[in-house]
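Listed here are the chains, written in short residue letters.
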Amino acid sequence: MDVKTGLFYFFSAVLLFAAFRVITARNPVYSALYLVLAFFQAAAIWILLRAEFLAIALVLVYVGAVMVLFLFVVMMLDINVDSLRQGFWKHFPLAAGVGVLIVLEMAAVLMGGFRISEEPKAVAVLGQSVEQVSNTRELGKLVYTQYIYPLEIAAVILLVAIIAAIALTLRQRKDSKHIDPSVQVRVRSKDRMEVVKMPATQSFAARDAAMPAEAIPGTEKQP
Amino acid sequence: MIDEIFNFGQGLLSAGWWASLAWPVIWALIKVTLVLMLVLGAVTYTTLWERKVLAWVQIRLGPNRVGPWGLLQPIADALKLMTKEIVRPAAAEKLLFYVGPVMTVMPALAAWAVVPFGPDLALANLNAGLLFLMAITSMEVYGVIISGWSSNSKYAFLGALRASAQMVSYEIAMGFCFVVVIMVSASLNLSDIVAGQGRGQFAQMGLNFLSWNWLPLLPIFVVYFVSSLAETNRIPFDVVEGEAEIVAGHMVEYSGMSWAMFQMAEYANIWLVSLLATLMFLGGWLPPIESAVFTWIPGWIWLGLKTFAIVTLFIWVRSTFPRFRYDQIMRLGWKVFIPVTLVWLVVVGGWMQTPWNIWN
């Protein structure tokens, strides 16, 4: 057993433990954090398989963005954990059946295609040594040539989802005190204030009589 | 010289396990320790430099009591913080409360594994170096969220919520800046990105600094700099800490070294984003002008000087601008920066297809 195999078993063991704790942890925040740990172990296993682009993308997308939003929501919920745990054993047989079915289906697909005992080898591309081949570059070439239509369809589906999410949450609130910052920035002092020339000595009564009503201090125009 | 030390160590013991397994691990640890000492030393003295610059801006003297010109002030601060008690609130989540600061400082230091300090001078010269950096720095937000939540205090929690929204938002604009730079240099490798900036019409005339990425990608450079201010939660984007409203945000319940870890992470991140700005836009270790004196100065000094200038710019910005209002921070990130970077991405992409393409 070499170092790589040892690392694989270590990462796999931690991955299984973390995945188990995701569903058994009492606190949902801990569950979310265990899910983050599981993602990390999966990324580490992918790096062992020399799929560094996939591994980094997993960390970047799921750990860096998706799970942050998950945590964001989970932290703000005040969940009564005991009520959630009721009926666990009642639903357990059905859930276990579905789980076993999924595992069997995945095994049927994966065992057929991946029944190989050798680790994947980096294939030397024309005129380049193995070390110079960039996983990311080769992946990009394939995605933008051979798999361009699936990629475009995936992109369109994501775009539709983005537009739908915005359309669902977009509403014009009448009571909103929304301010346009650019209007605020463009305001000059003369829009808000009026400088009034006043003679130095004059009684208040005479002054009020002599001037228009809006020039009296305290009744300036409100913008 | 580095290779000689490596070979010397490898020949130290003749056993097979030493040369193949133990020595590479020890060698990697030595290199990691060296880089970490460099980073932590820079972090320590940035605190002093920041206080000095802020003082000069405000026509004060700054720290000048401990050691000559206050040079021992960071050491005194570190000693004080290390000897302080770490107080844990009674209702805090015990485990996560202590994990939080570690989660903050860990990615800030782990990111330095792929940063090159010279043409062949890096702990790991990854092909996907920039991608790795993005992945590692995107984990930065976890420490803030965990510590904010586990403190069981509403100030800390508000700080954590603000931090998660702000850092995730500005990461998108920052990611697009990376994409534009990756596109023009046709590589994710940081050394290649720097090497690509040394070519071009101006570089042939000896005016290196005009062929660096900052000039053709000026809007992207500006967006990157402002986004990195927001990513590191610096003024004017420091509503995360917002001491006027939420005391100190996620750090409010922390004391002693656990608090110092947040500060360490902040300054290590400032150095990291400044170094990235230098590598991507300011030509990394390339000298600004192709002349005998400038090329004689070693590359790592140029890299250090440029990075130091950007770190100082961070401090200058801190002493100049007032804090943004939160809705304006979000507006700037989503409605200004993301459209600007998207449009410039298309413009640069079109530019590269024309005969006037300068990046080949």
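Think of each chain on its own: its residues are numbered from 1, step by step along the sequence as written. For naming, the first written chain is A and the first written ligand is 1, with later ones following in the order written. Under the rules for a predicted model, residues below a pLDDT of 70 receive no local features and side-chain atom pairs below 80 are neither given nor counted, while totals for whole chains, interfaces and linings still include all residues. Note: side-chain values were computed over all heavy atoms of the structure, leaving out hydrogens and water.

Engineer: I'd like a rundown of helix α3 (residues 52-76) of chain A, residues and numbers included.
Structural biologist: In this description a helix means any DSSP run of H or I spanning at least four residues, a strand means any run of E spanning at least two, and both kinds are numbered starting from the N terminus. To estimate how far a helix should reach, multiply one less than its number of residues by 1.5 Å. Between its terminal C-alpha atoms α3 of chain A stretches 34 Å, which fits the 36 Å expected from 25 residues at 1.5 Å a residue. Bend at a given residue is defined as the angle between two axes, one fitted to the seven residues that end at that position and one fitted to the seven that begin there. At Met67 of chain A, α3 of chain A shows its largest kink, close to 35°. By the burial criterion, the buried members of α3 of chain A are Ala55, Ile56, Leu58, Val59, Leu60, Val63, Gly64, Met67, Val68, Leu71, Val74 and Met75 of chain A. In what follows, a contact means two residues having at least one pair of non-hydrogen atoms within 4.5 Å. Elements that come into contact with the buried residues of α3 of chain A comprise α2 (28-48) of chain A together with α5 (129-137), α6 (140-150) and α7 (154-185) of chain B. Any residue under 20% of the maximum accessible area for its type is buried, any over 50% is exposed, and the rest in between are partly exposed; the area is computed with a 1.4 Å probe on protein chains only.

Engineer: With reference to specific residues and values, describe the nonpolar core.
Structural biologist: Within soluble globular proteins, side chains that are nonpolar tend to cluster in buried spots. Residue and element names in this part refer to chain B. In this structure, Trp112, Leu130, Leu133, Tyr142, Leu217, Tyr224 and Phe281 are the most contacted members of the largest nonpolar core, which totals 107 residues. Top element by residues in this core is helix α11 (residues 256-281). It accounts for 13 residues. Leaving out residues up to four positions away in the same chain, Phe281 has contacts with Val181, Gln197, Trp212, Asn213, Trp214, Leu217, Ile220, Phe221 and Tyr224. For this analysis, a nonpolar core means a set of buried residues of the types Ala, Val, Leu, Ile, Met, Phe, Trp, Tyr and Cys, connected via side-chain atoms within 4.5 Å.

Engineer: Could you give an account of the interface of chain A and chain B, with specific residues and numbers?
Structural biologist: Accessible area lost when the parts come together is the quantity often used to give the size of an interface. Contacts between the two partners involve 29 residues from chain A and, on the opposite side, 28 residues from chain B. A 1.4 Å probe defines the accessible area here, and the buried area is the portion of it lost by two parts on being joined, summed over both. Summing both partners gives a buried area of about 2,400 Å² for chain A against chain B, and 74% of it is carried by carbon and sulfur. Basic side-chain nitrogens of Lys or Arg form a salt bridge, by our definition, when they fall within 4 Å of a carboxyl oxygen of Asp or Glu. At the boundary of chain A with chain B, the tally comes to zero salt bridges. For the purposes of these results, a polar contact is taken to be a pair of N or O atoms within 3.5 Å, where, inside protein, one atom must be able to donate a hydrogen and its partner to accept one; residues adjacent in sequence count only when each atom of the pair is a side-chain atom. At the boundary of chain A and chain B, one finds two residue pairs in polar contact (both at pLDDT 80 or more). Put simply, the parts of the chain that give the side of chain A that touches chain B at least two residues each are α2, α3, α6 (135-145) and α8 (181-186) of chain A. With 13 residues, the top contributor of residues to the side of chain A that touches chain B is α3 of chain A. Only Asp, Glu, Lys and Arg are considered charged in this grouping, and only Ala, Val, Leu, Ile, Met, Phe, Trp, Tyr, Cys and Pro are considered nonpolar; every other residue, Gly among them, is considered polar. Residue composition of the side of chain A that touches chain B, by class: 20 nonpolar, six polar and three charged.

Engineer: Can you explain the packing of aromatic side chains? Please cite residues and give values.
Structural biologist: The relative placement of two aromatic rings is captured by the distance of their centres and the angle of their planes. Between rings of Phe, Tyr and Trp, where Trp is taken as its six-membered ring, a pair exists when centres lie within 6.5 Å; planes separated by under 30 degrees are stacked, by over 60 edge-to-face, and by other angles tilted. Tallying each qualifying case throughout the model produces 18 aromatic pairs over all chains. Where Phe10 of chain A meets Phe11 of chain A, the ring centres are 5.9 Å apart and the plane angle is 55°; that geometry is what we call tilted. Note on Phe11 of chain A: relative accessible area 17%, which makes it buried. Geometrically, the ring pair formed by Trp49 of chain B and Phe308 of chain B is tilted, given 5.2 Å between the ring centres and 40° between the ring planes. Of this pair, Trp49 of chain B sits in helix α2 (residues 16-57) while Phe308 of chain B sits in helix α13 (residues 299-320), and the two are 259 residues apart along the sequence. When its relative accessible area of 25% is taken as the criterion, Trp49 of chain B is described as partly exposed.

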